Amino acid sequence: MYQLDFKLLCYFFEININTSFIKSVFISLLDYYDFNFIDQYLSFTNLTKQINILILSIFEFEIESRVVITNKNYIINMVLLQSFPKNLF
C-alpha cells in the first residue's frame, strides 16, 4: 500500500454533519483505500461524541457490507467456474 509523509486532520468547527455528508466525503475513500490505511492517515478532531459514533458506525457498516458483497461474488464466481467445461482453461 501507499506510504505518506503526512496525516490528514479533519477539524469540524460548529457544523452539524449528517449521514449523507459522511458517506459522500469519507466512505467514498473505501473505494480507493482499505480501512487500515484510512485509519492510519485520517484523523478527526473537535467532534461531538454523537458524530464520532455516527462516523464509526457508518464505517463499520460499509466495511461489513463490502466484505459480504466480496464473499458473495467470490462464491458466485466459484460456482460459475465449476460449471464451465474443464478443457477451456
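Residues numbered from 1 in each chain as written. Predicted model: local features only at pLDDT ≥ 70, side-chain atom pairs only at ≥ 80, totals over all residues. Heavy atoms only, no water.

Draft legend 1. Broad picture of unusual backbone geometry. In this structure, Asn46 is a non-glycine residue whose phi angle is positive, near 60°. Following the sequence through the fold, Asn46 ends up in the loop between strand E2 (42–45) and helix H3 (49–83). Looking at Asn46, the relative accessible area reads 41%, which means it is partly exposed. (Helix = DSSP H or I, 4+ residues; strand = E, 2+ residues; numbered from the N terminus. Buried < 20%, exposed > 50% of the residue type's maximum accessible area, 1.4 Å probe, protein only.)

Draft legend 2. Just the nonpolar core, in detail. Counting residues in hydrophobic clusters, the biggest one holds 13 residues, and the most contacted among them are Ile17, Ile22, Phe26, Ile27, Ile55 and Phe59. Ranked by residues supplied to this core, first place goes to H3 with 4 residues. With sequence-adjacent residues up to four places away left out, Phe26 is seen in contact with Cys10, Phe12, Phe21, Leu42, Phe44 and Phe59. (Core = buried A, V, L, I, M, F, W, Y, C linked by side-chain atoms within 4.5 Å. Contact = heavy atoms within 4.5 Å.)

Draft legend 3. Representation of the side chain of Glu62 in the model. Examined against the element boundaries, Glu62 turns out to sit in helix H3. Owing to a relative accessible area of 14%, Glu62 belongs among the buried residues under this scheme.

Draft legend 4. How the structure looks around the packing of aromatic side chains. Summed over all chains, the structure comprises 5 aromatic pairs. Ring geometry for Phe21 and Phe26: centres 6.2 Å apart, planes at 80°, overall edge-to-face. On the basis of relative accessibility, which here comes to 4%, the residue Phe26 falls in the buried class. Seen from their ring centres, Phe37 and Tyr41 are 4.8 Å apart, and the 50° between their planes marks the pair as tilted. Taken together, the residues Phe37 and Tyr41, both in helix H2 (residues 35–41) and 4 residues apart, mark about one turn of the helix. One exposure class covers both Phe37 and Tyr41, and it is buried. By way of ring pairs, the aromatic residues Phe21, Phe26 and Phe44 are connected into one cluster. (Phe/Tyr/Trp six-rings, centres within 6.5 Å; stacked < 30°, edge-to-face > 60°.)

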